[in-house]
Amino acid sequence: MNILGIETSCDETAISIIAASGDTEHCTYDVLGESLLSQVDIHKPYGGVYPNVAKREHARNLVPVMEEALRQANMLEEDDRTTDEATIERIKTILGREPELFTMLAAFLRSIDKPPIDAIAVTVGPGLEPALWVGINFARALHEAWHIPVVAVNHMEGHIVMAMQKSCERRDASLQENTGIQTSESSSRRWKLEAGSYPALALLVSGGHTELVLMPALMQYPLLGQTRDDAAGEAFDKCARLLGLPYPGGPEISRLAAHARQTQPPLHNPGHRKSRLTGLTMFRVSEDHDSRLPRPMIHSKDYDFSFSGLKTAVRREVENKALGDDEKAAMAREIEDAIVEVLVAKTKRAAEEYGVETIIVGGGVSANTHLRNELAKALHPLIPFFPDPALSTDNARMIALAGYLHATREEFADPESLKAQGNLKLA
Ligand code: KG4
Ligand code: ZN
C-alpha cells in the first residue's frame, strides 16, 4: 500500500511517500520519496514558533514539497486527463482560507495525473491549530481531486512508531556497537517495524509534550503522567534563550553540555553549599553532588513532570551577568543534567512498577545523546528503542507509517469532518 504522509503541526512542512506491507505486527516499508522544508530560520529571530507565520509558510511550501516527494517516487506523470474545472472549484472552497495554496495546487492538479497513492495520512493534532489546519485542508483538497481515502494521525503516535522502526540496511551497526557513536541510517530505503513485547512504556519528549504512556499492546496508549507546565523540549528552548542561544535550544544546550563534560571537571562538589555565580543555596542532588538547579518533582509519587521552575532557577543564576563561554557551557551541562535526571528517574520507576518489557523513547528531545546514554544505563538490561537521530524530530515519515497501521485496520476518516485538534490526546 502506498501512503502519502503530510506533517504541518509545528514548523516543519513535510511530505513522505512510503510503500508499506504486512500487518501491524510485521510491517516493512520502503521510502519512495520524501521532502521536508524547515522554517527554523524564519522563526529564529522570534525565539520560538509563531503560529500564523507557520501557517503562512506551510501554505507556501506544501505544493513544492509534495512535488519533490512525488518526483523522487517517480509518480509525477504529466497528463492531459487531469483534474476537471468543477473539481478545481470545489477545491477552491476547501482552501478558502489558504488562497495562495489554492493557486499553487490548482496549477499543479491541472497538469499532473493522479499518482498511485492508496491512502493519505495527515496530522490532525496535537500541535499549533493554524498550522494543523493547512495540512488538513490540503489533505481534503487532495481527496477531492484524487478520491484517495484519508487517515487522521496523532502526531505523538507518529513519534512512537518512529522509535520502533529499524533500518533493514544496518551498514554501520558494528561501528555503532564498538564506538557508541550514533550513526544515522535515515538514508536507508527499507525499514521494518519492531513489534516489541508488552507491556511497553513510552517516554514522549518533544517541544510541546512530556508524557509517560503505558502500552498494554501495540497502538494502545493509556497515559501514566505528563507535564503540568513546560514540556522537556520547551525547558531546553527557554533555558537556551536565557543563555542567549538561538532557537531551537535543545541541540545548542546539548552541544555546549557535551563540551563541558569533556573539558571541565566532574560535578562533585560536596560541601559547596553556595553557587559560585550568585551565592544562592545549592540543591542537594545526591550524597556527593550539589547542583545550582532543582530536579522538579523527581521524588513525587506520581508520573507527572514540571519543568517551569527550572527556567526560573536558570534565570536567577544568569540574570544581569555576562557569562563567559566556559560558564555558559557549565550552565548548559547543569540544565541538561537536571532535565535528563528527572526524565530517567521517572521512566525507571514506571518501568519497574509496571514490569514493562519494552521502552520506547520518542519526540525531538529523544535526539539528545546524554538522555540516550543515561536511559540506556539506568534501564539495563532493557535496551530502549530510540528513533534514528535524524528522524527524532518532526517528519512526515512518522505520519505515513502511523497512517499505514490505521489503514490496515481500515480506520479511515471522513474528510469533511476532519478538524485540527491542538490538544489531541493519545487514545
Ligand atoms: O518533536 P519535535 O521535533 O517537535 C514537536 O513536536 O514539538 O521536538 C522539538 C523539540 C524542541 O524543543 C528542540 O529543542 C528539542 O526537540 N530537541 C532537542 C534536541 N534536538 C531537538 N532537545 C535536546 N537535545 C537535542 N539534541
Ligand atoms: Zn513532534
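Residues numbered from 1 in each chain as written. Chains lettered and ligands numbered in written order. Predicted model: local features only at pLDDT ≥ 70, side-chain atom pairs only at ≥ 80, totals over all residues. Heavy atoms only, no water.

## As for the site of ligand 1
His159, Gly207, Asp237, Gly364 and Asp394 are the nearest of the 19 residues found near ligand 1. Contact between ligand 1 and Gly207: an oxygen atom at 2.8 Å from a main-chain N or O atom of the residue. The contact in question runs from a nitrogen atom of ligand 1 to an N or O atom on the side chain of Asn368, over 3.0 Å. Here ligand 1 has 550 Å² of accessible area as a free molecule, and 89% of this is covered by the chains. Every element with two or more residues in the shell around ligand 1 is listed here: α6 (155–163), α8 (232–242) and α9 (249–263). (Near = heavy atom within 4 Å. Polar contact = N/O pair within 3.5 Å; in protein donor to acceptor, adjacent residues only side chain to side chain. Areas by Shrake-Rupley, 256 points an atom, 1.4 Å probe, with all protein chains shown as cover. Helix = DSSP H or I, 4+ residues; strand = E, 2+ residues; numbered from the N terminus.)

## Observations regarding the environment of Arg60
Topologically, Arg60 is positioned in helix α2 (residues 51–72). Taking C-alpha positions, Arg60 is 19 Å from Lys44, a pair spaced 16 residues apart along the chain. In this structure, Arg60 is in contact with Glu100 and Met104, ignoring residues within four places of it in sequence. Among the polar contacts made by the side chain of Arg60, one reaches the side chain of Glu100 at a distance of 3.4 Å. (Contact = heavy atoms within 4.5 Å.)

## Some points on the environment of Asn320
If you trace the backbone, Asn320 turns up in the loop between α10 (308–318) and α11 (325–353). You can call Asn320 exposed: its relative accessible area is 79%. C-alpha separation for the pair Asn320 and Val340, spaced 20 residues apart in sequence, amounts to 27 Å. (Buried < 20%, exposed > 50% of the residue type's maximum accessible area, 1.4 Å probe, protein only.)

## Notes on the coordination of the zinc ion (ligand 2)
Binding of the zinc ion (ligand 2) to the protein goes through His155 (NE2), His159 (NE2) and Asp394 (OD), at separations of 2.1 Å. Sequence positions of the residues that donate to the zinc ion (ligand 2) give the spacing H-x3-H-x234-D. Of this pair, His155 sits in helix α6 while Asp394 sits in the loop between α12 (369–379) and α13 (397–408); the two residues are 239 residues apart in sequence, bridging distant segments of the chain. Asp394 carries the same exposure label as His155, and that label is buried. (Donors = N, O, S within 2.8 Å, 3.2 Å for Na, K, Ca; no water.)

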